[in-house]
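Coordinate analysis (summary)
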Amino acid sequence: MCRLFAITSETPLSPMRALEALDVMREGHDGSGVGLFMRDLGGPFEYMKEAPILSGIFTETGIKRLDDFMMEIGFLTKYRLSIHISEAPPPGIPQRDVYLIRAYDYPKSWNRLSAREKYARLLILRLELQEMGMAENDMIVFSFWPDVIMIKEIGDPLSVAEHLQIDRAEIQAGVIMAQGRQNTNYAIDLYACHPFFLEGYSTMTNGENTAFVPIKEYLISREFHGYRGYQSDSEVFTHILHYTIAKLGLEIECYKHIVTPLKDEDIDVHPDAVLLKHLKHTCRRLIIDGPNCVIGSLPDHSLFMVQDSKKLRPGVVGGRPGVFAFSSEICGLDAVIPDRDRSKDFQPMHLDTAIVGPDRQEVKICSQTQPLPLFH
Amino acid sequence: MFSDPAVAPFSLSLKDLPWWIDWDNSKCTLCGKCTAVCPVHAIELGVFRRRKVQTPLNFSAQPSQETSLYYGIRQKTDPASACIGCAMCSMVCPNDAIIPRRSDEADKLRYHVDQGGSPRNRGGRRNVSESLLDRIKFIRISMLTDPALDAGRHEFELKTLLGRVLPPEENFRRMKEREWIPPIREIYPLIIGSMSFGALSPNMWEGLQLGVAYLNEELKMPVRICTGEGGCPPRLLRSRFLKYVILQIASGYFGWDEIIHAIPHMKEDPCAVEIKYGQGAKPGDGGLLMWYKVNKLISAIRGVPMGVSLPSPPTHQTKYSIEESVAKMIQSMSMAWGFRVPVYPKISGTSTAAAVLNNLSRNPYASGLSIDGEDGGTGAAYNVSMNHMGHPIASNLRDCYLNLVKIGRQNEIPLFAGGGIGKNGNLAANAAALIMLGASGVQIGKYIMQAAAGCVGSESDRCNICNIGRCPKGITSQDPRLYRRLDVDLVARRVVDVYLSFDTELKKIVAPLGRSTTLPIGMSDALGINDPAVAERLDIKYVV
Ligand code: SF4
Ligand code: SF4
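Because the structure is a prediction, the values reported are computed rather than measured.

Let's talk about the overall build of chain A
- Scanning chain A for helices and strands turns up 10 helices and 16 strands.
- The C-alpha atoms of chain A give a radius of gyration of 20 Å, which matches the 21 Å a tight globule of 376 residues would have.
- Seen through its principal axes, chain A has C-alpha atoms that stretch 60 × 45 × 40 Å.
- A separation of at least 24 residues holds for 74% of the contacts in chain A among residues at least 6 apart in sequence.
- Computing the positive centroid from 39 side-chain charges and the negative centroid from 51, chain A places the two 3 Å apart.

Observations concerning the site of ligand 2
- By nearness alone, every residue bordering ligand 2 is listed as B:M449, B:C455, B:V456, B:G457, B:C463, B:N464, B:I465, B:C466, B:C471, B:P472 and B:T476.
- Residue composition of the shell around ligand 2, grouped by class: 8 nonpolar, 3 polar and no charged.

Focus on the packing of helix α9 (residues 273-282) of chain A against helix α4 (residues 168-176) of chain B
- Two elements in contact, α9(A) and α4(B), have axes separated by 10 Å at closest approach and are oriented at 160°. The angle between α9(A) and α4(B) places the two elements in the roughly antiparallel class. Considering the relative orientation of α9(A) and α4(B), their crossing is right-handed. Between α9(A) and α4(B), the residues in contact are A:V274, A:L275, A:H278, A:L279 and A:T282 and B:P168, B:N171, B:F172 and B:M175, respectively.

Looking at the domain arrangement of chain B
All names here are of chain B.
- Per the domain assignment, the segments making up chain B are domain 1 (14-54 + 63-105) and domain 2 (133-542).
- Between the C-alpha centres of domain 1 and domain 2 there is a distance of 42 Å.
- On the domain 2 side, the residues contacting the 12 residues of domain 1 number 10 residues.
- Of the roughly 860 Å² buried at the junction of domain 1 and domain 2 (both faces included), carbon and sulfur atoms supply 62%.
- Per-residue buried area on domain 1 facing domain 2 is highest for P39, I84 and M88; these three make up 44% of the total on that side.
- On the surface where domain 1 and domain 2 come into contact, there are 0 salt bridges.
- Summed over the shared surface of domain 1 and domain 2, the number is 6 residue pairs in polar contact (both at pLDDT 80 or more).
- For the side of domain 1 that touches domain 2, the residue count by class is 9 nonpolar, 2 polar and 1 charged.

Digging into the domain arrangement of chain A
All names here are of chain A.
- Per the domain assignment, the segments making up chain A are domain 1 (3-49 + 147-367) and domain 2 (50-146).
- Of note, the centres of domain 1 and domain 2, computed from C-alpha atoms alone, are 24 Å apart.
- Across the boundary between the two partners, domain 1 contributes 33 residues, which contact 38 residues of domain 2.
- Both faces considered, domain 1 and domain 2 share a buried interface measuring about 3,000 Å² in area, 66% of it formed by carbon and sulfur atoms.
- Summed over the shared surface of domain 1 and domain 2, the number is 2 salt bridges.
- The residue E131 makes a salt bridge to R228 at a minimum N-O spacing of 2.3 Å.
- Those elements giving two or more residues to the side of domain 1 that touches domain 2 turn out to be β7 (148-153), α4 (157-163) and β9 (196-198).
- For the side of domain 1 that touches domain 2, the element with the highest residue contribution is β7, accounting for 6 residues.
- Of the residues that constitute the side of domain 1 that touches domain 2, the class distribution is 17 nonpolar, 8 polar and 8 charged.

Section: the interface of chain B and chain A
- With 40 residues of chain B at the interface, the matching set in chain A holds 40 residues.
- Counting each side, the surface lost to burial between chain B and chain A is near 3,500 Å², with a carbon and sulfur contribution of 52%.
- Interface area lost by chain B to chain A is led by B:E157, B:F172 and B:N411, which between them contribute 17%.
- Our count for the contact surface shared by chain B and chain A stands at 6 salt bridges.
- Here A:E208 makes a salt bridge to B:R140, at a shortest N to O gap of 2.4 Å.
- At the boundary of chain B and chain A, one finds 23 residue pairs in polar contact (both at pLDDT 80 or more).
- Those elements that place two or more of their residues in the side of chain B that touches chain A are β7 (160-163), α4, β8 (184-187) and α12 (393-407) of chain B.
- A total of 6 residues in the side of chain B that touches chain A trace back to one element, the largest contributor, which is α4(B).

Definitions and limits used
Residues numbered from 1 in each chain as written. Chains lettered and ligands numbered in written order. Predicted model: local features only at pLDDT ≥ 70, side-chain atom pairs only at ≥ 80, totals over all residues. Heavy atoms only, no water. Helix = DSSP H or I, 4+ residues; strand = E, 2+ residues; numbered from the N terminus. Rg over C-alpha atoms; globule rule 2.2 N^0.38 Å. Contact = heavy atoms within 4.5 Å. Lys, Arg positive; Asp, Glu negative; His and termini not counted. Charge placed at Lys NZ, Arg CZ, Asp CG, Glu CD. Near = heavy atom within 4 Å. Nonpolar A, V, L, I, M, F, W, Y, C, P; charged D, E, K, R; others polar. Axes fitted to C-alpha atoms, helices over the stretch in contact; angles between N-to-C directions. Parallel < 35°, antiparallel > 145°, perpendicular 65-115°, else oblique. Left-handed = near helix turned anticlockwise from the far one by under 90°. Domains from an automatic or database assignment. Buried area = accessible area lost by both parts, 1.4 Å probe. Salt bridge = Lys/Arg side-chain N within 4 Å of Asp/Glu carboxyl O. Polar contact = N/O pair within 3.5 Å; in protein donor to acceptor, adjacent residues only side chain to side chain.

Written as structure tokens, this is what we have:
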């Protein structure tokens, strides 16, 4: 079972903290891959919150093709975080040419566009780059979004961090999600490494999604170009989150009602019974079944955790005002926030969504039996 | 030269018949029960002659002979009285002295059943025992990659939806603006399919209804039953049990006068209205209730004279195009109940099903589609329709489902599949296979007749005389002397047994797949078959 760790902090932290937590939980993952998601960035990126940042892995030719492509559209490099790989990678980590984290200035012609339109175009460009990379095998693009950096690589999390020199002042973030991968079902594939990202929404999961095929079919048939990929059955969790909030206009509290709706008899006595019944019927194809713990990050910098309807996976949230973390195991939490009130640690159960908002002052627990916020 | 009148072209010997009667003289007590019970008078009391020749060993005495008579059972060979293998004679024989046996080669009777120029018609089934559904395996078993669920201990929600499910965006828009949202029923995915009052005897109908009511009221299983085209007894129409009933309207509109008049008095809405356009057992042919079965009760409920055959036209007379008249019919039926009742068509499996579906997807009032495959059963049909017409259900359903996936309406229009489910007894496995191929639920007919009422029909052309009103078990007869054989309460009890055991088996299938909170509709990655062509056709895994 993969191990998950996510942290949200008022003062930006190095992602090493999250990777250390994964290392403490290393009995639970086999070091077959690591994924990092960072937002609310510190360091040099703090001063360019609006600039879209491209994260990915490139070959030398891939970089050239990227530059040509971006130049053509009018994107200019604003800031580049170069990760020079001087030595041969340690065993288990593949040889790569360039790990790229690059912030861009928008093309001049985009100035008149609304933020919404800009974002829509960013997604199209990322998908295009992803496809170009797939065709030539020379680029892997994880994200292209303002204030977001993603790094994924095959191998043991700490070795990867060392190899990529992740422990440096320029890489800091207020929201960090990290996954240590336990390879079970698939050949080791970078695309299957969590977290996944779509238009500002990101999730990572451990578990098994037995409803993958119907969910995938349903998302693909929504005719939204972002719903594609699905090399991993967990990618759908990110897309369901996106669909819930960005497409249906619902709040995060509804996410759990979509992926794991209440039983019919519990809906009948719920104050929002009518809404929930409609939600359950109309979003039936998005119900997950099987063991899953989902940790996700929202565009407003909230972090959250939900569990499957039988609560078959471990997960705990704890911290103190200013910094909170979500972890698969308590030892991960202990490693990173030892000076917290442990009696306030909370393990979300089968009905709970645990949310730490952008103010990072408390853990909000919503139970599915509570009334829902209204549509926005 | 004159022919020998005793041997006509259509004269048959016992060897030419499909079923032979084995009668054991040494056990028979000549009680006459078998001949009395035989529904087709295939056997009669026979007088046989026995001759005994005695040849003495010494030459002085003359050989002699002794002739005697004995009485026994004689099997008739004229086509009209050919044994149907029902084995009622065995059932009633106190001494186990008689049993029908299948002949050892294809019979010759089949060439002569059309005496008078009328081709064979019968009830029952297609008489082909092979089943593709039986060959589909459930290959995804969660064990170590994640904890498997426990069919006995975990909670399962195995309901399905019948009704038009709007896309969430549209649904919420209508909720906000207080517009009409199509009705949706949460029902059990195993439906008792359309068998009419008339095709079935009153006791059978009552037994089924009683069983369904018990399942709902006592066991909280939302099982539904469809009336078939024959109306609905007035008392049921005005009772609260109507909500467990899907009313069927078909091209003969039998019984609908009564139903329409009862609408103002209904305490509950029916579960749904099924508009039958076709039936898997006899595609392209309408319903048929032969005159034998149209007695006083049936004629009253259906609003027709007694003793006349009731063939429904093959198509609805008002139907000239799917875009207009079918849409209008669906709309009118919805309107009759104030748009509170789901209305869906039932068609026979056909290569044109996808076109029908496409049209339905554009009709805002269509709440589903029921497809009845070639293995569906019937109370009466021509042999040729039953044996040679129709489309296998698996690929028909799968094509329709994938078509819906392609246009993104897989959650919108539920597909229900019927025809041959459980034909070899594997009810839950067959149902689960169809669900994972894309069905929201399945409909059964023959299975429930066999399991709940002891129908003796089988896939080797046994019995199958449901059409002539002489059903030896009283299931499809309107003759009180026959249907009083059927105990209403025992039928109900068996209906309940069937559903409870089906439920357990279904859980045994879905639990290892890791599914418990939704039916695994379209979960095709869990299916495999050992035939590459079938695997490719159905888009499931090829496993050997
Ligand atoms: S098997 Fe049925 S049809 Fe044949 S002789 Fe016996 S009772 Fe009559
Ligand atoms: S037992 Fe009755 S219902 Fe069954 S095949 Fe024979 S006639 Fe038909």
